[in-house]
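# Coordinates in review
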Amino acid sequence: MDALLIVAPALIPSPGISFVQVGPFQIRFYALAILAGIVLAVLITGRRLRAVGHPAGVVVDVAMWAVPFGILGARIYHVLTHPGDYFFPGADLWRVLYIWEGGIAIFGAILGGLVGIVIGTRRAGIPVLLFLDALAPGMLVAQAVGRLGNYFNQELFGPPTTLPWGLQIDPSAPAIPPGTPAGTLFHPLFLYELLWNLAGAAVIVLLEHHRRRHGRITLGAGLSLGVYLLWYGAGRAVLESIRLDPTELLVGGLKANVLTALVAAVLGVGLLAHASWRARRRAPVLERGGCACRSAVSRPRSCPPITSTGRWTSPRIRA
């Protein structure tokens, strides 16, 4: 008897729903993904701050400012970079406020959230750069989780592909180019970015672990933030360059998101270079009995105290 061969289609299926109805309310998976990401970022950042002597609850105080500013910035950025979706003859301008339909931009969230973080850290009495370093891996985890919302909204996909992990998209999706054959699969950019972000979070943690083992500052120098900006900016620039998004604003022939991602990557390189320069000049490390003593931000308890001038009480120092 001939064997019966059943060939299953190799693809990522398009989700059938994007929300659940609870009485008069619609609970959208897009919003749930964002909220889950925020919670994870708060938990991760709180744990990292507690490890360097700050109360974990301070992250909640800062988040109370950062989250609203981040959401506001995300929506404003999206609307400004997609003006054709909202401003045209006969347009319903109230749709600018319909954030539940999707349409919030991570770069706007970063810019708006940064404003909130500056306000929150000043009120909480914590150095802003220390907080941003502590936030960096949690931010990437939050962004990774948030990309699941793009999946349910059937957005953030790239050109057609025949790869086994091709993404199925509803043919009525506005980003699909006219004339695309029925059944065409697309690159799942949301999945690529999800994996890229998780890898970036792991890279930051591993680099911090390496620096800690060698007696270097782990938080507060801007290194983790610099890695975040470089990693995310570089990856996002590549993905945005192939993303199917016909209504995005072009700036000098480049998509607005590609340009912003490149700026973020360049800022990351600059921050890493500056932090490295400062470390060589101003971050002496003391070795005492095999103990690597770092700055007051992150150092073992067995290390000697630091004077008001920032110098170790022992003369045995090295750059």
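Anything mentioned here points back to the structure above.
Here is a short report on the structure shown in this document. (Residues numbered from 1 in each chain as written. Predicted model: local features only at pLDDT ≥ 70, side-chain atom pairs only at ≥ 80, totals over all residues. Heavy atoms only, no water.)

## Here's the deal with the overall build of the protein
The number of helices and strands found in the protein is 7 helices and 8 strands. Across the 319 residues that make up the protein, the buried fraction comes to 43%. Counting only contacts in the protein whose residues sit at least 6 apart along the sequence, the fraction spanning at least 24 positions is 69%. Of the accessible surface of the protein, which amounts to about 17400 Å², a share of 69% is contributed by carbon and sulfur atoms. (Helix = DSSP H or I, 4+ residues; strand = E, 2+ residues; numbered from the N terminus. Buried < 20%, exposed > 50% of the residue type's maximum accessible area, 1.4 Å probe, protein only. Contact = heavy atoms within 4.5 Å. Areas by Shrake-Rupley, 256 points an atom, 1.4 Å probe, with all protein chains shown as cover.)

## Things to note about the pattern of salt bridges
One pass over the full model with this rule turns up 5 salt bridges. Taking the shortest distance from any N to any O, the salt bridge between glutamate 193 and arginine 236 comes out at 3.7 Å. On the criterion of sequence distance, the pair formed by glutamate 193 in helix α5 (residues 189-213) and arginine 236 in helix α6 (residues 223-242) is long-range, its members being 43 residues apart. Note on arginine 236: relative accessible area 4%, which makes it buried. Put simply, glutamate 240 and arginine 236 hold a salt bridge, and the shortest N to O gap is 2.6 Å. You can see glutamate 240 and its partner arginine 236 sitting in helix α6, 4 residues apart, about one turn around the helix. You'll find glutamate 240 and arginine 236 in the same group, each marked buried. The network of salt bridges with shared partners includes Arg147, Glu193, Arg236, Glu240 and Arg243. (Salt bridge = Lys/Arg side-chain N within 4 Å of Asp/Glu carboxyl O.)

## Let's talk about the packing of helix α3 (residues 106-124) against helix α4 (residues 128-152)
Following both chains from N to C, one finds α3 and α4 inclined at 145°, their axes separated by 12 Å at the closest point. In the crossing of α3 with α4, the sense of the turn from one axis to the other is right-handed. Note on element contacts: α4 touches α3 through Val128, Phe131, Leu132, Leu135, Met139, Gln143 and Arg147, opposite Ile106, Ile110, Leu114, Ile117, Val118 and Thr121. Along the lines of polarity and charge, the residues of the contact of α3 with α4 split into 10 nonpolar, 2 polar and 1 charged. (Axes fitted to C-alpha atoms, helices over the stretch in contact; angles between N-to-C directions. Left-handed = near helix turned anticlockwise from the far one by under 90°. Nonpolar A, V, L, I, M, F, W, Y, C, P; charged D, E, K, R; others polar.)

## A short note on the pairing of strand β2 (residues 25-28)
Pairing between strand β1 (residues 19-22) and β2: 4 bridges, direction antiparallel. Across the sheet, residue valine 20 finds its bridge partner in β2, namely isoleucine 27. Hairpin connection, β1 to β2: the antiparallel pair is bridged by 2 residues, and glycine 23 has positive phi, about 60°. (Pairing = 2+ DSSP bridges.)

## Structural notes on the environment of leucine 185
Note on placement: leucine 185 falls in strand β4 (residues 185-186). Overall, leucine 185 belongs to the buried group, its relative accessible area being 14%. A sequence separation of 20 residues divides leucine 185 from tryptophan 165, and the C-alpha atoms of the two residues are 8.7 Å apart.

## What about the nonpolar core?
Of all hydrophobic cores here, the largest spans 35 residues; its most connected members are Leu49, Ile117, Phe131 and Tyr228. The biggest single contributor to this core is α4, with 9 residues. Excluding anything up to four places from it in sequence, isoleucine 117 contacts Val62, Ala66, Val128, Phe131, Leu132 and Leu135. Of all hydrophobic cores here, the second largest spans 14 residues; its members include Leu167, Ile169, Ala173 and Phe190. (Core = buried A, V, L, I, M, F, W, Y, C linked by side-chain atoms within 4.5 Å.)

## Examining the side chain of aspartate 133
Note on placement: aspartate 133 falls in helix α4. Within the structure, aspartate 133 has its side chain in polar contact with the backbone nitrogen of alanine 221 (distance 3.2 Å). Residues contacting aspartate 133, with those up to four places away along its chain left out, are Arg48, Glu208, Leu219, Gly220, Ala221, Gly222, Leu223, Ser224 and Leu225. (Polar contact = N/O pair within 3.5 Å; in protein donor to acceptor, adjacent residues only side chain to side chain.)

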